[in-house]
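In case you want the letters, here they are:
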Protein chains: 2
Amino acid sequence: MSTETAKSKHSQGVTAPKGFRAAGIHCGIKKPGLLDLALVVSDRPGPIAGVFTNNQVVAAPVVLDRQHLRNGVGRAILINSGNANACTGPAGLAAARRTAAALAKRLNGPLHEAFIGSTGVIGRRLPVERILRSLPELVRQLSPRGGLSAAKAIMTTDLRPKSAALRADINGAVVTIGGMAKGSGMIHPNMATMLGYLTTDAAIASRTLQTALIEAVNASFNCISVDGDTSTNDTVLCLANGLADNRVIREGTAGYRRFTDLLTEACRTLALAICRDGEGVTKVVKIEVAGARTVEEARQVARTIGTSNLVKTAFFGEDANWGRVMAAVGRSGVPIVPSKIALSFDGIAMVSKGVGLGLAAERRIARVFRRKEFTVRVELGQGRHEAQLWTTDLSFDYVRINASYRS
Amino acid sequence: MSTETAKSKHSQGVTAPKGFRAAGIHCGIKKPGLLDLALVVSDRPGPIAGVFTNNQVVAAPVVLDRQHLRNGVGRAILINSGNANACTGPAGLAAARRTAAALAKRLNGPLHEAFIGSTGVIGRRLPVERILRSLPELVRQLSPRGGLSAAKAIMTTDLRPKSAALRADINGAVVTIGGMAKGSGMIHPNMATMLGYLTTDAAIASRTLQTALIEAVNASFNCISVDGDTSTNDTVLCLANGLADNRVIREGTAGYRRFTDLLTEACRTLALAICRDGEGVTKVVKIEVAGARTVEEARQVARTIGTSNLVKTAFFGEDANWGRVMAAVGRSGVPIVPSKIALSFDGIAMVSKGVGLGLAAERRIARVFRRKEFTVRVELGQGRHEAQLWTTDLSFDYVRINASYRS
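All of these numbers come straight from a predicted model, not from anything done at the bench.

### Observations concerning the overall build of chain A
- Secondary structure summary: chain A contains 12 helices and 14 strands in total.
- Radius of gyration (C-alpha) of chain A: 22 Å, near the 22 Å computed for a compact globule of 407 residues.
- Taking the principal axes of the C-alpha coordinates as reference, chain A spans close to 70 × 50 × 35 Å.
- Put simply, chain A has 407 residues, and 62% of those count as buried.
- Roughly 14,200 Å² of accessible area belongs to chain A as shown, and the carbon and sulfur atoms make up 51% of that amount.
- Within chain A, the 32 negative side-chain charges are centred at a point lying 3 Å from the centre of the 52 positive side-chain charges.

Below, the structure is given as structure tokens:
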């Protein structure tokens, strides 16, 4: 896997793999000048995999994509930003179908090969006409170098477009995976829609691709999110077109392993970009929980720490208030033994056997709190399972952008 | 129940009932001039009831109070602010015992009649000597008008002392309940220690008092808190001395009902004072969830809405972003039927059958969002159970005080 190549092709994102074109334009949902409509198209249809929100209130595009995904074949993905088309009822679903149908017609393909996505304000009627009116121009602008403008067009409160591109030799050919994503000032999908779109020229069956995508998402996007705690629109799609001409990737083979690792790295690059990019984010902190009886218990403890407003404001204030971390561990709902807990910050011990190690240790970890990125590690001393989660601080800007998101 | 009396005696708080004295002084834990040590004493020992944190990481004073509570008799409560005496191990527990022992000795009573409380920074060694040194002066200052200074001495980030006093004719006598509490800028006990101390001159058995207190706390403090989601120190104690000379209150009687209602009103007065007082709090919002299959499911939905940072920042920004409420309902973990959900703000319908009612409705609820206090009501349409929760907005000041709590 050559990271050099990855870097050099980074900006291309979804158009890095062979046979993909993309574009992003302004169709009139956002303020004039802001890109708000993105399109990604493969030269030929291919296997597509998807992972969606666990939220029971589901946006229209998610309902439609889930239906189309049953066929396992895709060719194009059309995404608008500025309007989530959620809580819009039957009218919203009809609007979603109209856009997908118009896209399929444009590409002279079956409806089920057209996928769509929306992100933005909930409960507003989707301005379908503006999208349909802009579709011809959008298709005209499709280009093998259009990855970046597509990544820009799916942004909401994001400060920077997020894209990735990685390559590796797999099954006798150079396989490329490209991707783009949008998050927001906040890290947790439950706090803002997270969209991720991956493209690859790998030859792989749709079922195998689905298995690989689930594994990759669990080790990336779900490590910066609260499991089962997602927005109405969260979506990750991966479209493959086989143009790399590698021997078809099959589950349980070395090729599958290499492909899934590459896909995981691409997803993790995008997931961490979402963390770092957030407006208001001044720190990205990795929460490591070890010594748990089960992975789920380790995740639960990590989640409780990583979502504590007191912990997150302490990060922002660079206040080495480790007691807030201990309190979070104690209220996580996971049975713990306080006298077994150890706590360290970038390897500097602060708590041993549940007891604080004093002001000298506190002064040492205070220096860690001043770093832009650091790791909080909790040892539960109850088992051999662990989990990790990336979180951010809670800052003034977090409040500012979310207090006035729609204005 | 005469509210006039309640108001007029309000400032006295814990010293409003017959036979209670209190005081608050500076013993040297906080910065000079700030009260940090409070004492409440009954002229004679009496039944005491208590409710404590569910956190598995428990502060030393909670461990000690739980032991002493087994005897069901109390006479004095000594509380320090500025230091939580949590995560301090065996040394912390020894320190707690020393302060309780010194208090018992001063009052010439048995150890188990002495209760203590601590609130402040976690993991710092309790400066016992300063507390012991100040005890004689504290006892000297005990006064039937000392309720307010005691209420001041238990404050941490609180802006105002919180006390209450209510009276009612119960079982042939005028019974008074007094109380004081401390919260913080945040509403949820999981985010900061919440202490509540109630006093009454009612004649009541300790077991009956315990039953009444649990009922009162569930309908008050636990309605502004995340159940099972508390700090290392949370404590609510209620001490009774029988000096009102009412016929002893027995469970299942009209007298018990009147007493429990009075106690509930006192607790709710203190709980809402904690909400309103919070530094950084500009709004107090009541979350009502109805039409649930069970009370627990109603609570779960209310909690998810009331703890959502996106919902709370929208309150602060007076942004009628009702979609965030819908998203919270959908990710609460409670099985719901989106098409059955109704959402209203101070009675103004915004969502019906899961669908937004449009911009006109949004303009109407936008006016509600500008109010200092309002109610968000969610109808799940699945059953007859409901729950309510009071929450606050998430403001710049919330971040400010918590980013620099210890400095």
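Back to the write-up after that little detour.
### A few points about the pattern of salt bridges
- Enumeration according to the criterion identifies 38 salt bridges over all chains in this entry.
- Arg98(A) is the salt-bridge partner of Glu129(A), the closest N and O atoms lying 3.0 Å from each other. Taken together, the residues Glu129(A) in helix H4 (residues 128-140) and Arg98(A) in helix H3 (residues 89-106) connect sequence positions 31 residues apart.
- Among the residues examined, Glu129(A) registers a relative accessible area of 44% and is labelled partly exposed.
- Measuring nitrogen to oxygen at the nearest pair gives 3.4 Å for the salt bridge that ties Asp43(B) to Arg21(B). Here the residue Asp43(B) occupies a position in strand S2 (residues 37-52), and Arg21(B) occupies one in strand S1 (residues 20-25), the gap between them amounting to 22 residues.
- Put simply, Lys286(A), Glu288(A), Arg377(A), Glu379(A) and Glu386(A) are held in one network by salt bridges that share partners.

### Some points on the environment of Arg268(B)
All names here are of chain B.
- Take Arg 268: it is sitting in helix H7 (residues 254-277).
- On a C-alpha basis, the gap between Arg 268 and Gly 291 in space is 24 Å, while along the polypeptide they are 23 residues apart.
- Setting aside residues up to four positions removed in sequence, Arg 268 forms contacts with Ala 219, Ser 220, Gln 388 and Trp 390.

### Side note on the interface of chain B and chain A
- Chain B puts 52 residues into the contact, and the matching count from chain A is 52 residues.
- Buried area between chain B and chain A, both sides added, is near 4,300 Å², and the carbon and sulfur share of it is 56%.
- The interface formed by chain B and chain A holds two salt bridges in total.
- For Arg124(B), the salt bridge is made with Glu362(A), and the minimal N-O distance between the two is 2.7 Å.
- Counting every contact that joins chain B to chain A gives 13 residue pairs in polar contact (both at pLDDT 80 or more).
- Split into classes, the residues belonging to the side of chain B that touches chain A amount to 25 nonpolar, 19 polar and eight charged.

### Looking at the UniProt feature "active site" (unreviewed entry) in chain A
Residues and elements named next belong to chain A.
- The UniProt record marks Thr 193 with the feature "active site" (unreviewed entry), using the residue numbering of this structure.
- Among the structural elements, Thr 193 can be located in the loop between strand S6 (173-182) and strand S7 (195-200).
- Residue Thr 193 is classed as buried on the basis of its relative accessible area, which comes to 10%.

### Let's talk about the sheet that holds strand S10 (residues 342-345) of chain B
All names here are of chain B.
- The six strands are arranged S12-S11-S10-S13-S9-S14 in an open sheet whose pairing can be described as mixed. The open sheet has two free edges, formed respectively by strand S12 (355-356) and strand S14 (385-392), since each of these has just one partner strand.
- Sitting on the sheet, helix H9 (residues 309-317) is in contact with strand S9 (284-292), strand S13 (373-379) and S14, with an inclination near 60° to S14.

### Topic: the packing of aromatic side chains
Residue and element names in this part refer to chain B.
- Enumeration according to the criterion identifies eight aromatic pairs over all chains in this entry.
- Taking 5.2 Å as the distance between ring centres and 45° as the angle between the ring planes, the aromatic pair formed by Phe 345 and Phe 369 counts as tilted. With Phe 345 in strand S10 and Phe 369 in helix H11 (residues 359-369), the pair connects residues that are 24 residues apart, well separated along the chain. In this structure, Phe 345 and Phe 369 share a single accessibility class: buried.

### Description of the sheet that holds strand S10 (residues 342-345) of chain A
Residue and element names in this part refer to chain A.
- Pairing is mixed in the open sheet, where six strands are placed in the order S12-S11-S10-S13-S9-S14. If you trace the sheet from one side to the other, it starts and ends with strand S12 (355-356) and strand S14 (385-392), each paired once.
- Across three bridges, the pairing between S10 and strand S11 (residues 348-352) is antiparallel. Counterpart to Phe 345 in the pairing with S11 is Ile 348.
- Relative to the sheet, helix H10 (residues 322-330) contacts S10, S11, S12 and strand S13 (373-379), its axis offset from that of S10 by approximately 135°.

### Some thoughts on the state of the cysteines
Residues and elements named next belong to chain A.
- By the definition in use, this model includes zero disulfides over all chains.
- Free cysteine: Cys 238, not disulfide-bonded; nearest cysteine sulfur from Cys 267 at 7.5 Å.
- Cys 238 gets classed as buried once you look at its relative accessible area, which sits at 0%.

### Some details on the UniProt feature "binding site: substrate" (unreviewed entry) in chain A
Residues and elements named next belong to chain A.
- Feature annotation in UniProt places "binding site: substrate" (unreviewed entry) on Thr 156, Lys 182, Thr 193, Glu 279, Asn 402 and Ser 407, given in this structure's numbering.
- Along the chain, Thr 156 falls in the loop between helix H5 (147-153) and strand S5 (162-170).
- Here Asn 402 shows up in helix H12 (residues 396-403).
- Among the residues examined, Asn 402 registers a relative accessible area of 2% and is labelled buried.

### A short note on H4(A)
Residues and elements named next belong to chain A.
- Compared with an ideal rise of 1.5 Å per residue, which puts 13 residues at 18 Å, H4 spans 19 Å between its outermost C-alpha atoms and is within 8% of the ideal.
- When H4 is considered as a whole, its buried residues turn out to be Val 128, Ile 131, Ser 134, Leu 135 and Leu 138.
- Looking at the packing, one finds that the buried side of H4 touches strand S1 (20-25), strand S2 (37-52), strand S3 (73-83) and H3.

### What to know about the domain arrangement of chain A
- Structurally, chain A comprises domain 1 (12-276) and domain 2 (284-403).
- On a C-alpha basis, the centroid separation for the pair domain 1 of chain A and domain 2 of chain A is 33 Å.

### A word on the pairing of S6(A)
All names here are of chain A.
- Burial runs high along S6: nine of the 10 residues are buried.
- In the sheet, S5 pairs with S6 via nine bridges, with the strands oriented antiparallel. The residue bridging Arg 167 from the neighbouring strand is Thr 176, located in S6.
- Counting the residues between successive antiparallel strands, the hairpin from S5 to S6 contains two residues, one of them, Asn 171, with a positive phi of roughly 50°.
- Inspection of the sheet shows S6 paired to S7 by six bridges, in the antiparallel sense. Looking across to S7, one finds that Met 180 is bridged to Tyr 197.

### Side note on the relation of the copies chain B and chain A
- For the match of chain B to chain A, the screw axis carries a shift of 0.0 Å, the RMSD comes to 0.0 Å, and the turn is 180°. Interpreted geometrically, this transformation is the action of a two-fold axis. Ranked by how close their C-alpha atoms come to the rotation axis, the residues of chain B are headed by Phe396(B), at 2.8 Å.
- The residues that chain B uses at the interface reappear at the interface of chain A in 100% of cases, marking a shared surface.

### Some words on the side chain of Thr88(A)
- Among the structural elements, Thr88(A) can be located in the loop between S3 and H3.
- Taking relative accessible area as the criterion, Thr88(A) reaches 12% and is therefore assigned buried.
- Among the polar contacts made by the side chain of Thr88(A), one reaches the side chain of Asn85(A) at a distance of 2.7 Å.
- Apart from residues lying up to four places away in sequence, Thr88(A) is in contact with Gly123(A), Arg124(A), Arg125(A) and Val355(B).

### Things to note about H9(B)
Residues and elements named next belong to chain B.
- Within H9, eight of the nine residues are buried, which leaves it mostly tucked inside the rest of the structure.
- Among the residues making up H9, those that are buried are Asn 309, Leu 310, Val 311, Lys 312, Thr 313, Ala 314, Phe 315 and Phe 316.
- Looking at the residues trailing H9, positive phi occurs at Glu 318, about 50°.

### Points about the packing of H3(A) against H4(A)
All names here are of chain A.
- Viewed as axis vectors pointing N to C, H3 and H4 meet at an angle of 20°, and their least axial separation amounts to 10 Å. Taken as axis vectors, H3 and H4 run roughly parallel relative to one another. Crossing of H3 against H4: the hand is right-handed. From H3, Ala 95, Arg 98, Thr 99, Ala 102, Leu 103 and Arg 106 reach across to H4, where they touch Val 128, Glu 129, Ile 131, Leu 132, Leu 135, Pro 136 and Val 139.

Reading the values: the criteria
Residues numbered from 1 in each chain as written. Chains lettered and ligands numbered in written order. Predicted model: local features only at pLDDT ≥ 70, side-chain atom pairs only at ≥ 80, totals over all residues. Heavy atoms only, no water. Helix = DSSP H or I, 4+ residues; strand = E, 2+ residues; numbered from the N terminus. Rg over C-alpha atoms; globule rule 2.2 N^0.38 Å. Buried < 20%, exposed > 50% of the residue type's maximum accessible area, 1.4 Å probe, protein only. Areas by Shrake-Rupley, 256 points an atom, 1.4 Å probe, with all protein chains shown as cover. Lys, Arg positive; Asp, Glu negative; His and termini not counted. Charge placed at Lys NZ, Arg CZ, Asp CG, Glu CD. Salt bridge = Lys/Arg side-chain N within 4 Å of Asp/Glu carboxyl O. Contact = heavy atoms within 4.5 Å. Buried area = accessible area lost by both parts, 1.4 Å probe. Polar contact = N/O pair within 3.5 Å; in protein donor to acceptor, adjacent residues only side chain to side chain. Nonpolar A, V, L, I, M, F, W, Y, C, P; charged D, E, K, R; others polar. UniProt positions renumbered as here; feature names shortened; annotations may be inferred. Pairing = 2+ DSSP bridges. Axes fitted to C-alpha atoms, helices over the stretch in contact; angles between N-to-C directions. Phe/Tyr/Trp six-rings, centres within 6.5 Å; stacked < 30°, edge-to-face > 60°. Disulfide = S-S within 2.5 Å. Expected span 1.5 Å × (residues − 1). Domains from an automatic or database assignment. Least-squares fit on C-alpha atoms with pLDDT ≥ 70 in both. Parallel < 35°, antiparallel > 145°, perpendicular 65-115°, else oblique. Left-handed = near helix turned anticlockwise from the far one by under 90°.

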